[in-house]
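# An overview of the molecular structure
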Amino acid sequence: MMFRFLMAILLLAAAMPPTPALAAQLRVECPEVIGIGLPFVVRVESDEPMGKLLVEWGDRKLQVSAAGNRDVQFLLGSDVLKSKPGPQALRVTRLGLSPVAVSTHVLVEKREFPEQRLTVPPEMATPPAAVQERIAREQAEVREILAGVSAVNHLSLPLMRPVPGAVSSAYGLRRFFNDLERNPHRGLDLKAALGEPVRSAAAGQVVLAADHYYGGRSVFIDHGLGVYSVYMHLDEFRTEQGAMVEAGQVIGLAGQTGRVTGPHLHLGFYVLDMAVDPSALFFPKTGQ
Ligand SMILES: [Zn+2]
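Remember, it's a predicted structure, so these values are computed and weren't measured experimentally. (Residues numbered from 1 in each chain as written. Predicted model: local features only at pLDDT ≥ 70, side-chain atom pairs only at ≥ 80, totals over all residues. Heavy atoms only, no water.)

### Structural notes on the environment of Pro49
One can find Pro49 in the loop between strand 4 (40-46) and strand 5 (52-57). Since its relative accessible area comes to 46%, Pro49 is described here as partly exposed. In the structure, Pro49 is positioned 21 residues away from Arg70 in sequence and 4.7 Å away in space, judged by C-alpha atoms. Every residue in contact with Pro49, bar those within four places of it in the chain, is listed here: Gly68, Asn69 and Arg70. (Helix = DSSP H or I, 4+ residues; strand = E, 2+ residues; numbered from the N terminus. Buried < 20%, exposed > 50% of the residue type's maximum accessible area, 1.4 Å probe, protein only. Contact = heavy atoms within 4.5 Å.)

### Thoughts on the coordination of the zinc ion
Binding of the zinc ion to the protein goes through His185 (NE2), Asp189 (OD) and His266 (ND1), at separations of 1.9 to 2.2 Å. Sequence positions of the donors to the zinc ion reduce to the motif H-x3-D-x76-H. You can see His185 sitting in the loop between strand 13 (180-181) and strand 14 (188-191) and its partner His266 sitting in strand 21 (residues 264-271), a full 81 residues away along the chain. Taken as a pair, His185 and His266 share a single burial class, namely buried. (Donors = N, O, S within 2.8 Å, 3.2 Å for Na, K, Ca; no water.)

### Regarding the sheet that holds strand 8 (residues 86-94)
If you walk across this open sheet you meet the five strands as 3-9-8-5-6, and the pairing is mixed. For this open sheet the edge positions go to strand 3 (33-35) and strand 6 (60-65), each flanked by a neighbour on one side alone. The mean inter-strand angle of the sheet, taken between neighbouring strand axes irrespective of direction, is 25°. (Pairing = 2+ DSSP bridges. Axes fitted to C-alpha atoms, helices over the stretch in contact; angles between N-to-C directions.)

Take a look at the structure:
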C-alpha cells in the first residue's frame, strides 16, 4: 500500500519578533489509494504536544483529543453504499492559538463485488405494510446512534474475532433476496452455531441492545471517535444497554433472529456513520 506523508510548516515570525521564527510542524500519514469500503488508519505526528485535532473527511467532521501527546491515530473509511469512488478531501487541523492544517486527498478506488442470491420468506424480501412503520422506526434509531461521535477512544487494533468461525458472506456482496436487488451487504457474516458465545471485537460501551426486524436481536457497541461494532441475529443477549465491555467479553449468543437463512453472526463495523469492511481490521495491515 502506498502511503503519503505530509508536512505543514507555520512560521510564527510576526507574532514574536525578538526570537527566531518558530516552526510548528504537523505530519499526517494516510494511504494514497484505498478500495471503497476499506477502513484505514490515519496517524498524525506533531513537533509539540497536541490538544485537539479537527479532522475533515469529505463532508464528515471528527474532533480527536490528543491529550498532550505528539502522535495520535484514528480510523476513517468509506461505505460501499453511501460513498462514491474518486478523490476525497482529508484535512487535519491542530487546534490552538495558532492552528496548523494539513490538506490532502485519498483516492477512494472502485471495487467489483460479486453477486449473492438468497431465498428468504417473502415477508423478509418485501416486508408487509404492517411492519413498514416498525422498520422505519428501527432504522431511524440506528441512524441516530451511528451518527453520534463519542470523544473517549476505547478502540484498540487489531480487532478480536467475535466468533472463531470463518467468513461465510463477505462485505460488499450485491444482494438479491428472492431475485429482488436490495442494499449491498454492509458487514461480514461469520459462521457461528446456535448458542455459540459472541465476543466484543474491542472495548466500548453498549449503546443499544434491541430486537429489530432485519437484524434480529442486535447489540451496538460504541468504541468512541465515531467507531461502532454491531452484532446481529443473536439468540440471546449477554449484556445490556449502558454496560461497559472489554475486548473479548461475551455479549450474546449466536442465533438466527431477523432476516436470515440460518444461524450465523452478522458483524457490522461503522466509522463516522459509514459501514466499512471489518475483516480488514483483524490484522495489523489493512486492505488484505
Ligand atoms: Zn450479514
